[in-house]
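Summary of the model geometry
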Amino acid sequence: MALGCIAAAVCVAAITLGYRSAYWSFPWNGGPDRVKWCERTYLRHGSEPLSPSGPVAAILRAPPLVGDRFYVTTPARCRDVAPTLLYRDVGEGRYEAYALSGGP
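The structure reproduced in this document is the subject of the present report. All values reported here derive from a predicted model rather than from experimental measurement. (Residues numbered from 1 in each chain as written. Predicted model: local features only at pLDDT ≥ 70, side-chain atom pairs only at ≥ 80, totals over all residues. Heavy atoms only, no water.)

**Observations regarding the pairing of strand 2 (residues 40-50)**
The pairing of strand 1 (residues 34-37) with strand 2 spans four bridges and is antiparallel. Note on strand 2: the bridge partner recorded for K36 is T41. Turn length for the strand 1-strand 2 hairpin, with the two strands adjacent in sequence and antiparallel, is two residues, and the turn residue C38 shows positive phi of about 55°. With five bridges joining them, strand 2 and strand 6 (residues 94-100) adopt antiparallel strand pairing. By the bridge assignment, L50 is partnered in strand 6 with Y95. (Pairing = 2+ DSSP bridges. Helix = DSSP H or I, 4+ residues; strand = E, 2+ residues; numbered from the N terminus.)

**Some words on the nonpolar core**
One broad trend across soluble globular proteins is that nonpolar side chains are buried collectively. With eleven residues, the main nonpolar core is built from V35, W37, C38, Y42, L60, A62, F70, V72, A82, L86 and Y98. Secondary structure elements with two or more residues in this core: strand 1, strand 3 (57-62) and strand 4 (68-72). Among residues more than four places away in sequence, those in contact with L86 are V35, W37, Y42, I59, L60, F70, Y71, V72, E96, A97 and Y98. (Core = buried A, V, L, I, M, F, W, Y, C linked by side-chain atoms within 4.5 Å. Buried < 20%, exposed > 50% of the residue type's maximum accessible area, 1.4 Å probe, protein only. Contact = heavy atoms within 4.5 Å.)

**Details of the environment of P52**
Summarising the element assignment, P52 is placed in the loop between strand 2 and strand 3. With 21 residues separating them along the chain, P52 and T73 place their C-alpha atoms 7.3 Å apart. Ignoring anything within four residues of it in the chain, the contact list for P52 reads T73, Y87 and Y95.

**Looking at the pattern of salt bridges**
Side chains that carry opposite charge are capable of pairing whenever their charged atoms lie near each other. Tallying each qualifying case throughout the model produces four salt bridges. Between R44 and E96 there is a salt bridge whose closest N-O contact spans 3.6 Å. With R44 in strand 2 and E96 in strand 6, this residue pair connects regions lying 52 residues apart in the sequence. The class of R44 is partly exposed, set by a relative accessible area of 25%. With a closest N to O distance of 3.2 Å, D68 and R88 form a salt bridge. With a gap of 20 residues between them, D68 in strand 4 and R88 in strand 5 (residues 85-91) connect regions that are remote in the sequence. (Salt bridge = Lys/Arg side-chain N within 4 Å of Asp/Glu carboxyl O.)

**Remarks on the sheet that holds strand 4**
Read across the open sheet, the six strands follow the order 1-2-6-5-4-3; overall the sheet is antiparallel. The open sheet has two edge strands, strand 1 and strand 3, and neither has a second partner. The sheet shows a mean angle of 35° between the axes of neighbouring strands, taken without regard to direction. Across five bridges, strand 3 lies against strand 4 in antiparallel orientation. Across the sheet, R61 pairs through a bridge with R69, a residue of strand 4. (Axes fitted to C-alpha atoms, helices over the stretch in contact; angles between N-to-C directions.)

**Considering unusual backbone geometry**
Positive phi outside glycine occurs at C38, with the angle close to 55°. You can see C38 is positioned in the loop between strand 1 and strand 2. Phi at E39 is positive, roughly 60°, even though this residue is not glycine. Mapping E39 onto the fold places it in the loop between strand 1 and strand 2.

This is a description of form; function is not addressed.
The following block contains the structure:
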């Protein structure tokens, strides 16, 4: 029983530290501080949710499969010019902006 609890604690710690390493925040901090898309890094920009002008298109989930959805205002693919802003859905038609941080 104790061995099972230790193994579970080690798994949770590994997942949490992996998330922290990838997104610069902990899973319970209200979303990642940074995300990578198309080999570019986007950093959380501002603290107030906003409503982007125009429709948005889904591009990724962070972490993959189970995480927050990210969107762009214009359709984009990795081989196209990278958009300067990504948006993370926070509900009720509101989004947090993530700004492009440098890049090639």
